Amino acid sequence: MTSIVTVTRGPSPLILSMPHPGTGLPAEVAAQLNERGRLVEDTDWHIREVYAFAERFQPTIVEAKLSRYVIDLNRDPSGVSLYPGQATTELVPTTTFDGAPIWDVPPDAAEIERRRIAYFQPYHDALAAEIERVKAAHGYAVLWDCHSIKSVIPRLFPGTLPTLNLGTNSSASCAPAVEAAAVAAMGGQPLSHVANGRFKGGWITRHYGRPAEHVHAIQMEKALSAYLSAETAPWTFDASRAASLQSALSAIIEAALNAAATLERSRS
């Protein structure tokens, strides 16, 4: 059986959520996918390598091991669209981001519910438990939701996506001071960027980001072009290309952590 989630605990207030780096396919799911689907091309490739720099922050890391094609851990489990009126993928995707079908046997409602219980819930049980543990230790938590995506996907957005796409559910998922610090730090980087643009934050950011309850959540969607040799298979990590991205992410996370610490000290 393919592992569902791994948790690496750290002593700091920072939690890195990684819902989409997995490529695992349970046998019964792999048997239902078509040849295109088994390529799992919409993976957030090499997320652990990208965030290797974050060891200096001593974070807790919650990492999914299954492909998003099994079930998308960053979608509302009720199936409600996070982006009404815009193209997106479902709780269990029916197509690639580009719109190509991925199933020989599309899952029905009963199968989707089975996957929700078997695969979706364990990840969120683990993430919720780590948020509570970190809050108990520090009085607050900073949840950083790690994502990446191809920079050109006409079905989902026009033109070329900025390298850095910071989302706070339109300022609802973290305190204003934390968002302002992160946005200011992002603005100081030599990379294209936007806050609350096409990607405002998925279900993880929206569900767990509760600044009144001392949980500050930020989603960062990154263009794959910033750290891969090419945005095509075999999805090769390019360490030299990734260096400027990692430097930028480090500065943004540090700014958010410092702002959260200052804010939470003033509250106590």
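What you see is a predicted model, and the numbers here were worked out from it, not measured in a lab.

1. Some thoughts on the state of the cysteines
Applying the stated criterion across every chain, the model contains 0 disulfides. Its sulfur unpaired, C146 is 15 Å from the next cysteine sulfur, which belongs to C174.

2. What about the pattern of salt bridges?
Applying the stated criterion to the full structure yields 16 salt bridges. Note that D44 is salt-bridged to R68, the shortest N-O span being 3.6 Å. With D44 in the loop between α1 (27-30) and α2 (47-50) and R68 in the loop between β3 (60-64) and α3 (109-138), this pair connects stretches of sequence that are 24 residues apart. Residue R68 is classed as buried on the basis of its relative accessible area of 5%. Linking R114 and E111 is a salt bridge whose minimum nitrogen-to-oxygen distance equals 2.9 Å. Of this pair, R114 and E111 both sit in helix α3, separated by 3 residues, roughly a single helical turn. Within this structure, E28, E111, R114 and R115 form a network of salt bridges that share partners.

3. What about the sheet that holds strand β2 (residues 14-18)?
Spatial ordering of the open sheet is given by β1-β3-β2-β4-β7-β5-β6, a layout of 7 strands whose pairing is mixed. At either end of the open sheet lies a strand with only one pairing partner, and these are β1 (5-8) and β6 (193-195). For this sheet, the mean angle separating the axes of adjacent strands, direction not counted, is 15°. Strand direction decides the pairing type here: strand β4 (residues 141-149) and strand β7 (residues 215-223), joined by 9 bridges, are parallel. Residue V142 lies in a different strand from β7, and its bridge partner there is H216. Sitting on the sheet, α3 touches β1, β2, β3, β4 and β7, and the angle it makes with β3 is about 175°. Across the sheet, helix α6 (residues 239-267) touches β2, β4, β5 (164-167) and β7, and the angle it forms with β7 is around 170°.

4. Overview of the nonpolar core
Ranked by size, the top nonpolar core spans 85 residues in total, and within it Y51 and W144 carry the most contacts. Take this core: its biggest share by element is 13 residues, from α6.

5. With respect to the pairing of β3
Among the 5 residues of β3, 5 are classified as buried, and the element is accordingly described as predominantly covered. Burial along β3 is two-sided: the residues T60, V62 and A64 and I61 and E63 are all buried. As paired elements, β1 and β3 share 4 bridges and run antiparallel to each other. Paired with V5 across the bridge in β3 is A64. Of the strand pairs in this sheet, β2 and β3 are connected by 4 bridges, and their pairing is parallel. Considered in β3, the bridge of I15 is made with T60.

Calculation notes
- Residues numbered from 1 in each chain as written.
- Predicted model: local features only at pLDDT ≥ 70, side-chain atom pairs only at ≥ 80, totals over all residues.
- Heavy atoms only, no water.
- Disulfide = S-S within 2.5 Å.
- Salt bridge = Lys/Arg side-chain N within 4 Å of Asp/Glu carboxyl O.
- Helix = DSSP H or I, 4+ residues; strand = E, 2+ residues; numbered from the N terminus.
- Buried < 20%, exposed > 50% of the residue type's maximum accessible area, 1.4 Å probe, protein only.
- Pairing = 2+ DSSP bridges.
- Axes fitted to C-alpha atoms, helices over the stretch in contact; angles between N-to-C directions.
- Contact = heavy atoms within 4.5 Å.
- Core = buried A, V, L, I, M, F, W, Y, C linked by side-chain atoms within 4.5 Å.

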